[in-house]
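Residue-level listing of the chains:
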Amino acid sequence: MKVGYGRTSTLEQQAGLDAQFRDLKGAGCEKIFSEQVSAVGKRQQLEAAIDFIREGDVLVVTKLCRLARSTQHLLEIAERVKAKGADLSILNLGADTSTATGRLMFTVIGAIACFERELMLERQREGIAKAKAEGKYKGRKPTARARAAEIATLKADGVRPTDIARQLGIGRASVYRILESRPS
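Residues numbered from 1 in each chain as written. Predicted model: local features only at pLDDT ≥ 70, side-chain atom pairs only at ≥ 80, totals over all residues. Heavy atoms only, no water.

1. Describing the environment of F33
Keep this limit in mind: A run of H or I in DSSP becomes a helix once it reaches four residues, and a run of E becomes a strand once it reaches two; helices and strands are each numbered from the N terminus. Each residue is placed in one exposure class: buried if its accessible area under a 1.4 Å probe, protein chains only, is under 20% of its type's maximum, exposed if it is over 50%, and partly exposed if it falls in between. Note on definitions: a residue-residue contact is assigned when non-hydrogen atoms from the two residues lie within 4.5 Å.
You can see F33 is positioned in strand β2 (residues 31-36). We classify F33 as buried; its relative accessible area is 9%. For the pair F33 and V3, spaced 30 residues apart in sequence, the C-alpha to C-alpha distance is 7.8 Å. Beyond its immediate stretch of four places on either side in the chain, F33 contacts V3, G4, Y5, G6, Q45, A48, A49 and F52.

So this is what it looks like as structure tokens:
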């Protein structure tokens, strides 16, 4: 049985998830697990897909970046799939782990993808450092501090900090931080 897994990092990427779903269906996947979460966080549907596969199954993803965040993570997933007697297939690479050549390609391409991502992050950090040095990079605007007056008013009206946070759409810790920094 072919089992598909699709992922996008954010809810705003619905078109990307729909395209993955279409490609996985086109590849013959009978069951598809999908989610919209960052690769860094806990991916419950990936876990569910790995739990679901059985001996002889193939776990199919459209792109390598949808599956793993690093070469080590990719190899861990590949090992877990192999331990279940199943194989991995990456559609856009035409690579799968059912053959020795496929496993080699899979590992090498995974390492290259990881290297490419690390280079991109390195360039990003360099760009941010340069922009900071030139005074062009200020970071994210502090959202909670900009609403300090509203927070104080709501607190004076007897609204609890948790309710203030929910009402204003900011973190509860930010509400407490602002309330503690204001003179009583």
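2. Points about the packing of aromatic side chains
What counts here: Each aromatic pair joins two rings of Phe, Tyr and Trp (for Trp, the six-membered one) with centres within 6.5 Å, and gets the label stacked for planes under 30 degrees apart, edge-to-face for over 60, and tilted for any other angle. Criterion for a charge above a ring: Arg CZ or Lys NZ at most 6 Å from the ring centre, at most 35 degrees from the ring normal.
Tallying each qualifying case throughout the model produces one aromatic pair. Over the ring of F33 we find K31; its NZ or CZ atom is 5.0 Å from the centre of that ring. A cation over an aromatic ring shows up here: K31 above the ring of F52, its NZ or CZ 5.7 Å from the ring centre.

3. Examining a nonpolar patch on the surface
We apply this condition: Here a patch means residues that are over 30% exposed by relative accessible area and free of salt bridges, tied together within 9 Å if like-charged and within 5 Å if nonpolar (Val, Leu, Ile, Met, Phe, Trp, Tyr). For the area figures, the Shrake-Rupley method with a 1.4 Å probe applies, and any residue is considered shielded solely by the protein chains shown. Salt bridges are defined by distance alone: a side-chain nitrogen of Lys or Arg within 4 Å of a carboxyl oxygen of Asp or Glu.
A cluster of nonpolar side chains, namely L104, V108 and I112, defines an oily patch on the protein surface of about 280 Å² accessible area. Looking at where I112 falls in the secondary structure, it is placed in helix α4 (residues 100-133).

4. Observations concerning the nonpolar core
Put simply, the rule reads: In this text, buried Ala, Val, Leu, Ile, Met, Phe, Trp, Tyr and Cys residues form a nonpolar core when linked through side-chain atoms within 4.5 Å.
Of all hydrophobic cores here, the largest spans 20 residues; its most connected members are Y5, L59, L67, I77, V81, L88 and F106. Listed by contribution, the elements that provide at least two residues to this core are β1 (2-8), α2 (44-52), β3 (58-61), α3 (71-83) and β4 (87-90). Apart from the residues within four sequence positions on either side, F106 is in contact with L64, L74, A78, L88, I90 and T97. Formed by ten residues, the second largest nonpolar core is a distinct cluster that contains A144, I151, A165 and I178.

5. Focus on helix α6 (residues 161-168)
Stated formally: Directions are taken from the helix axis to each C-beta atom, and the arc is the one they span.
Taken together, the buried positions of α6 are occupied by P161, I164, A165 and L168. Buried residues of α6, seen end-on, are gathered within an arc of 100 degrees and therefore sit on one face of the element. In this structure, α6 carries R166 and Q167 as exposed residues pointing more than 90 degrees from its buried face. Those residues of α6 that are buried lie in contact with α5 (148-156) and α7 (172-181). Phi for G169, located one or two positions after α6, is positive at around 70 degrees.

6. Some details on the side chain of T8
To be explicit about the condition: Here a polar contact is recorded for every N or O atom pair within 3.5 Å, except that within protein the pair must consist of a potential hydrogen donor and a potential acceptor, and residues adjacent in sequence are included only if both atoms are side-chain atoms.
Position of T8 relative to the elements: it lies in strand β1. In this structure the side chain of T8 is engaged in a polar contact, spanning 3.4 Å, whose partner is the side chain of Q36. The residues touching T8, leaving out its near neighbours within four places in the chain, are Q13, G16, L17, Q20, E35, Q36, V37 and R66.

7. Points about the pattern of salt bridges
Following the criterion strictly, the structure yields seven salt bridges and no others. One salt bridge connects R166 with D163, and the closest N-O pair in it is separated by 3.1 Å. Of the two residues, R166 and D163 are both situated in helix α6; the distance of three residues between them amounts to about one turn of the helix. With a relative accessible area of 59%, R166 lands in the exposed category.

Coordinates in, geometry out; function isn't part of it.
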